[in-house]
Amino acid sequence: MRYFIRSLKTFLYFLLIFVIIIAIFVVSGMAELNIETMFRNGYKSLWQIFGILVLIAAVYPKVSYVKTTPRISGNMSGCRVQIIEIMQGFGYVLEKESVNVMTFRQKSAGARFSRKFEDRITFEQGEGGLTIEGLRKDVVRIVSRMEYRINNNE
């Protein structure tokens, strides 16, 4: 269900960007407000654009969200303070915490909006070790910083 919601949010986000770009063209006089003259194939082009946006939205969550295991020694409870400091350095605040799970959210509303409110980073301590789940570009930066700081402090 989460995958479908992420896909739907991505589709709406790209559709909004498309509408804003078209509105800028119309307001600036670069295009007239007539679908038949605005696009090469008229209304048929809208269906083609819609199809492309659906395909992008269907693939995007699979590519952009990841669950990974950092190469650090120790467990989440032993590195708790360092994890919180690292996350605060990236602009995240602790949302909730339990024995085996810590979740963080972006502090900035603008950053949350730009990530379609899918900005949650989850740390989970399991039998296989610590796993981190979230937006790929953020997780890669966080894991890199964690591995450097935690492994070099020991």
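Scroll up a little and you will see the structure.
The rules behind these values
Residues numbered from 1 in each chain as written. Predicted model: local features only at pLDDT ≥ 70, side-chain atom pairs only at ≥ 80, totals over all residues. Heavy atoms only, no water. Buried < 20%, exposed > 50% of the residue type's maximum accessible area, 1.4 Å probe, protein only. Helix = DSSP H or I, 4+ residues; strand = E, 2+ residues; numbered from the N terminus. Pairing = 2+ DSSP bridges. Core = buried A, V, L, I, M, F, W, Y, C linked by side-chain atoms within 4.5 Å. Contact = heavy atoms within 4.5 Å. Expected span 1.5 Å × (residues − 1).

A. Expanded view of the pairing of strand 3 (residues 101–106). Burial runs high along strand 3: five of the six residues are buried. Across five bridges, strand 2 (residues 92–97) lies against strand 3 in antiparallel orientation. Bridging from a neighbouring strand, Leu94 pairs with Phe104 of strand 3. If you look at the hairpin formed by strand 2 and strand 3, you'll find three residues sitting between the two strands. Across four bridges, the pairing between strand 3 and strand 4 (residues 121–126) is antiparallel. Across the sheet, Thr103 pairs through a bridge with Thr122, a residue of strand 4.

B. Layout of the environment of Leu8. With respect to the element layout, Leu8 can be found in helix 1 (residues 2–28). What makes Leu8 partly exposed here is its relative accessible area of 41%.

C. Looking closely at the nonpolar core. Counting 21 residues, the largest nonpolar core has Ile83, Met87, Phe104, Ile121, Phe123, Ile142 and Met146 as its most contacted members. Contributions of two or more residues to this core are made by helix 4 (80–89), strand 3, strand 4, strand 5 (129–135) and helix 6 (136–153). Leave out the neighbours within four places in its chain, and Phe104 touches Ile83, Ile84, Met87, Tyr92, Val93, Leu94, Glu95, Asp119, Arg120, Ile121 and Phe123.

D. Inspection of helix 1 at higher detail. Here helix 1 contains 27 residues, and its C-alpha end-to-end distance of 39 Å stays within 8% of the 39 Å for a straight helix at 1.5 Å per residue. Of the residues trailing helix 1, Gly29 is marked for its positive phi of about 85°.

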